[in-house]
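Observations on the three-dimensional arrangement
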Amino acid sequence: MAKGGETTAGEHRPPRHDVVVVGAGISGLAVAQAMVHAGRSVVVLEARDRVGGRLWSRHLDGGAQRVDAGATWYWPGEHRVARLVDELTVATHDQFIAGDAMYHDRPRAQRIDGNPIDVPSYRFTDGAQSLAEAVAAQLPADVVQFGVAVHEIDSRGKRLVVRYRESTDSVQQAEADHVVIALPPALATHRIVFQPGLSEELRRIATATPVWMGAITKVVVHFETAFWRTHGLSGSATSHIGPMREVHDMSGPDGEPAVLFGFAPSRSPSDTVTEQQV
């Protein structure tokens, strides 16, 4: 480094940004979108090879339409989501709730008149990840960087330094005025070293902060037809003895593809952190 802080010829200087966002889930992307609109320099560092985080949609058997392996619904009253859907013209449809529900307990399963399990809600026709992809498509091409795993945030200098590993496992760093950690607190404290270290109280709170449905396994089953609909069933069920505590219809519009999904609790409390990291 030359005198006065100038960079000498051939010396590499880390990139500088107004804001570094850690995580390209929908919250991290929304922050990046706001920063771009405000004229700020921003970069989003994402360890995976996709956007969406817990919004994760996958193709079934090579089909054109995707189903959700992660978050599924949004409800009336979620105005921020509804605004994004309208602004970005993301295709949605109503959650199918018509018909009767099933209740499973000893000594047998029984049919319930009507569907007291579900309430009116909305689904993303091409999966919830389509919302995150639509937001990302509005950002400049170089804002979201994939295969970048942040492992340290250093605030001991005049600017924040974010150190990360790229897919080649080489250690790189970026400087920023602000860092937004768009990750579950427990995952952030598990994966990232903070310099100086976090207080024990803050670390305890972060580790103990639950993630909505973080300790639940989602199971998706694809059928040839939505046979339950032809029998006047909504596809909704609850069980006190089976592995699935809840079951819901997750078929596409008009019942294609025909899909049910269920929620199963984790095997033990110790599974919680591991499942949040997946």
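Residues take numbers from 1 onward in each chain, read along the sequence in its written order. The predicted origin of the model limits local features to residues at a pLDDT of at least 70 and limits the giving and counting of side-chain atom pairs to 80 or more, whereas totals for whole chains, interfaces and linings rest on all residues. With hydrogens and water set aside, each side-chain value is computed from the structure's full complement of heavy atoms.

What follows deals with the overall build of the protein. By the criteria applied, helices consist of DSSP H or I runs no shorter than four residues and strands consist of E runs no shorter than two, each listed in order from the N terminus. A tally of helices and strands in the protein yields seven helices and 18 strands. Here's how the labels work: a residue is buried when its accessible area is under 20% of the maximum for its type, exposed when over 50%, partly exposed in between, all with a 1.4 Å probe on protein chains only. In the protein, which comprises 278 residues, the share counted as buried stands at 38%. Looking at the protein alone, contacts between residues at least 24 apart form 63% of all its contacts between residues at least 6 apart. All accessibility values rest on the Shrake-Rupley procedure with a 1.4 Å probe; residue burial counts only the protein chains present in the view. Accessible area for the protein stands at about 15700 Å²; split by element, carbon and sulfur atoms hold 55% of it. Working rule for contacts: check all heavy atoms of both residues, and any pair within 4.5 Å makes them a contact.

Attention now goes to empty space enclosed by the protein. Using a probe with the size of a water molecule, rolled over the atoms, empty space left in the structure can be pinpointed. The method works on a 1 Å grid over the protein atoms by themselves. A cavity is a set of points holding a 1.4 Å probe that cannot get out, a pocket is an open set with protein on both sides within 12 Å along at least five of seven lines, and residues with an atom within 4 Å of a point line them. Grid points are joined across faces, edges and corners, and a volume is the space filled by probe spheres set on the points. According to the stated counting rule, one finds one cavity of 30 Å³ or more in the structure shown. Considering only enclosed or pocket space, the largest cavity measures out at about 60 Å³ in volume. Where the lining of the largest cavity is concerned, the elements lending two or more residues are β4 (66-68) and β9 (122-124). With three residues, the top contributor of residues to the lining of the largest cavity is β4. Here the nonpolar group is Ala, Val, Leu, Ile, Met, Phe, Trp, Tyr, Cys and Pro; Asp, Glu, Lys and Arg are the charged ones; every other residue, Gly included, is treated as polar. Grouping the constituent residues of the lining of the largest cavity by class yields five nonpolar, five polar and three charged.

This paragraph deals with the side chain of Arg 50. As for its position among the elements, Arg 50 is in the loop between β2 (42-45) and β3 (57-59). Neither His nor the chain ends is counted toward charge; the positive residues are Lys and Arg and the negative residues Asp and Glu. Criterion for a salt bridge: a side-chain nitrogen of Lys or Arg within 4 Å of a carboxyl oxygen of Asp or Glu. One buried charged residue, Arg 50, remains without a salt bridge, the closest side chain of opposite sign being Asp 49 at 5.2 Å. Within 3.5 Å is the distance limit for a polar contact, defined as a pair of N or O atoms, with the added protein rule that one can donate a hydrogen and the other accept it, and that residues adjacent in sequence qualify only through two side-chain atoms. Within polar-contact distance, the side chain of Arg 50 engages the backbone oxygen of Gly 53 at 2.9 Å. There is a polar contact of 3.5 Å between the side chain of Arg 50 and the backbone oxygen of Leu 55. Filtering out sequence-adjacent residues up to four positions away, Arg 50 remains in contact with Leu 55, Trp 56, Gln 129 and Phe 146.

Right, let's talk about the confidence of the model for the protein for a bit. Mean pLDDT for the protein: 89, with 90% of residues reaching 70 or above. The low-confidence segment residues 1-10, where pLDDT is below 50, has six contacts with residues more than four positions distant or belonging to other chains. Predicted confidence is poor over residues 268-278, with pLDDT under 50, and the contacts of this stretch with residues over four places away or in other chains come to 17 contacts. The quantity known as pLDDT measures the predictor's confidence residue by residue, on a range of 0 to 100.

Let us look at the packing of helix α2 (residues 79-88) against helix α3 (residues 129-137). Between N-to-C directions, angles cover 0 to 180 degrees, with each direction set by a line fitted to C-alpha atoms, over the stretch in contact for helices. Contact pair α2 / α3: the axes reach a minimum separation of 10 Å and the direction vectors enclose 60°. On the basis of the axis angle, α2 is oblique to α3. For the pair α2 and α3, the sense of crossing is left-handed. In this structure, α2 contributes Val 81, Leu 84, Val 85 and Leu 88 to the contact, and α3 contributes Leu 131, Ala 134 and Val 135. In this scheme, roughly parallel covers angles under 35 degrees and roughly antiparallel covers those over 145, while 65 to 115 is roughly perpendicular and the rest are oblique. Working rule for handedness: look at the near helix, and if it is turned counterclockwise from the far one by less than a right angle, call the crossing left-handed; if clockwise, right-handed.

Within this model, the second largest pocket holds a volume of roughly 220 Å³. As for the second largest pocket, its lining consists of 15 residues, of which Phe 227, Gly 235, Ala 237, Val 247 and Leu 260 are closest to the centre. Elements represented by at least two residues in the lining of the second largest pocket include exactly β15 (216-223), α6 (227-230), β16 (233-239) and β18 (258-265). Per-element tally for the lining of the second largest pocket: the top contributor is β16, with four residues. Here the residues of the lining of the second largest pocket sort into 12 nonpolar, three polar and no charged.

Bringing the pairing of strand β1 (residues 16-22) into the picture now. Counting buried positions over the seven residues of β1 gives five, a clear majority of the element. We call two strands paired when DSSP finds no fewer than two bridges between them. Pairing between β1 and β2: four bridges, direction parallel. Across the sheet, residue Val 22 finds its bridge partner in β2, namely Leu 45. Traced from β1 through helix α1 (residues 26-37) to β2, the parallel crossover comes out right-handed. Here is how to tell: hold the view so the strands point away, follow the path from the first strand over the helix to the second, and if it runs clockwise the crossover is right-handed.

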